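# Summary of the model geometry
Here's the letter readout for the chains.
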Amino acid sequence: MARSTRITRLESFSAAHRLFKAELSDEENFRLFGPCSNPGGHGHNYRLAVTVRGSIEPDSGMVLNLKTLHDLIQTSILDKVDHRNLNLEVDFLTGVQPTTENLARAFFDELEPRLPTGRLWRVLVQETDKNSAEYGED
Ligand code: NI
């Protein structure tokens, strides 16, 4: 088995969303999406974990400078989603149902082209203490 070192940067942001399908009634949306379908919207304090893999560079002793990774997450994701409405205000989420699963995949797709090829390994999004989703390499 190939081996690599993985490093993770933890971030957090707050955002509003509503999970719903326009063609369904409020009652049907509640059956499908639960409280996240509340017609007035609601917020979550999200946590975001971004994991990059690679080998340890002998000179620095690091896989990637975590400050560099933080700056990348800040400019490509956090500046766009923090204190925003995920249904309405985020360019790369247009037309995307803002479930935790879809957020993890969308964030991965935003970060991947901005990192050296093959380095991004996983993005984990935690919506509540109990619910999270992750997207990345198998
Ligand atoms: Ni929700």
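Check the entry above for the structure.
Quick summary incoming for the structure in this document. (Residues numbered from 1 in each chain as written. Predicted model: local features only at pLDDT ≥ 70, side-chain atom pairs only at ≥ 80, totals over all residues. Heavy atoms only, no water.)

## Thoughts on the overall build of the protein chain
Within the protein chain, the regular secondary structure consists of three helices and five strands. Considering only C-alpha atoms, the protein chain reaches an extent of 60 × 30 × 25 Å along its principal axes. Within the protein chain, the fraction of its 138 residues that count as buried is 39%. For the protein chain, the share of sequence-separated contacts (at least 6 apart) that also reach a separation of at least 24 residues comes to 65%. When the accessible surface of the protein chain is totalled, it reaches about 8,300 Å², and 47% of it is carbon and sulfur. (Helix = DSSP H or I, 4+ residues; strand = E, 2+ residues; numbered from the N terminus. Buried < 20%, exposed > 50% of the residue type's maximum accessible area, 1.4 Å probe, protein only. Contact = heavy atoms within 4.5 Å. Areas by Shrake-Rupley, 256 points an atom, 1.4 Å probe, with all protein chains shown as cover.)

## Digging into unusual backbone geometry
Trans peptide bonds make up the majority, and among non-glycine residues the majority have a negative phi. Of note in this structure, His83 is not a glycine but carries a positive phi near 60°. By the element assignment, His83 lies in the loop between helix 2 (66-81) and strand 3 (84-85).

## Digging into the coordination of the nickel ion
Angles between donor atoms at a metal ideally measure 109.5 degrees for a four-coordinate tetrahedral arrangement and either 90 or 180 degrees for a six-coordinate octahedral one. Listed as protein donors to the nickel ion are His17 (NE2), Cys36 (SG), His42 (NE2) and His44 (NE2); their distances from the metal cover 2.0 to 2.1 Å. Coordination at the nickel ion is tetrahedral: its four donor atoms span angles of 96 to 123° at the metal. If you list the donors of the nickel ion from N- to C-terminus, the spacing comes out as H-x18-C-x5-H-x1-H. You can call His42 partly exposed: its relative accessible area is 22%. (Donors = N, O, S within 2.8 Å, 3.2 Å for Na, K, Ca; no water. Tetrahedral: all angles 85-135°; square planar, octahedral: opposite > 155°, others 65-115°.)

## Focus on the sheet that holds strand 4 (residues 120-126)
In space, the five strands of this open sheet follow the order 3-1-2-4-5, with mixed pairing throughout. The sheet terminates laterally at strand 3 and strand 5 (132-136), the two strands that pair on one side only. With two bridges joining them, strand 1 (residues 5-17) and strand 3 adopt parallel strand pairing. Counterpart to Ala15 in the pairing with strand 3 is Arg84. Each of strand 1, strand 2 (42-54) and strand 3 touches helix 2; the most contacted strand, strand 1, lies at about 20° to it. Lying over the sheet, helix 3 (residues 100-111) contacts strand 1, strand 2, strand 4 and strand 5, oriented at roughly 145° with respect to strand 4. (Pairing = 2+ DSSP bridges. Axes fitted to C-alpha atoms, helices over the stretch in contact; angles between N-to-C directions.)

## Observations regarding helix 2
An α-helix turns once per 3.6 residues; consequently, residues spaced three or four apart project the same way. Its axis deflected by about 45° at Gln74, helix 2 carries its strongest bend there. Taken residue by residue, helix 2 has Leu69, His70, Leu72, Ile73, Ser76, Ile77, Leu78 and Val81 as its buried positions. Where helix 2 is buried, its residues contact strand 1, strand 2, strand 3 and helix 3. The N-capping residue of helix 2, defined by a side-chain oxygen 2.8 Å from the backbone nitrogen of Lys67, is Asn65. Among the residues trailing helix 2, His83 stands out with phi positive, at a value near 60°. (Bend = angle between axes of the 7 residues up to and from the residue. Polar contact = N/O pair within 3.5 Å; in protein donor to acceptor, adjacent residues only side chain to side chain.)

## Some details on helix 3
For helix 3, which comprises twelve residues, the first-to-last C-alpha distance of 17 Å matches the rise-based estimate of 16 Å (1.5 Å per residue) to within 8%. Turning to helix 3, its buried residues are Thr100, Leu103, Ala104, Ala106, Phe107, Phe108, Glu110 and Leu111. Of the surrounding elements, those touching the buried residues of helix 3 are strand 1, strand 2, helix 2, strand 4 and strand 5. (Expected span 1.5 Å × (residues − 1).)

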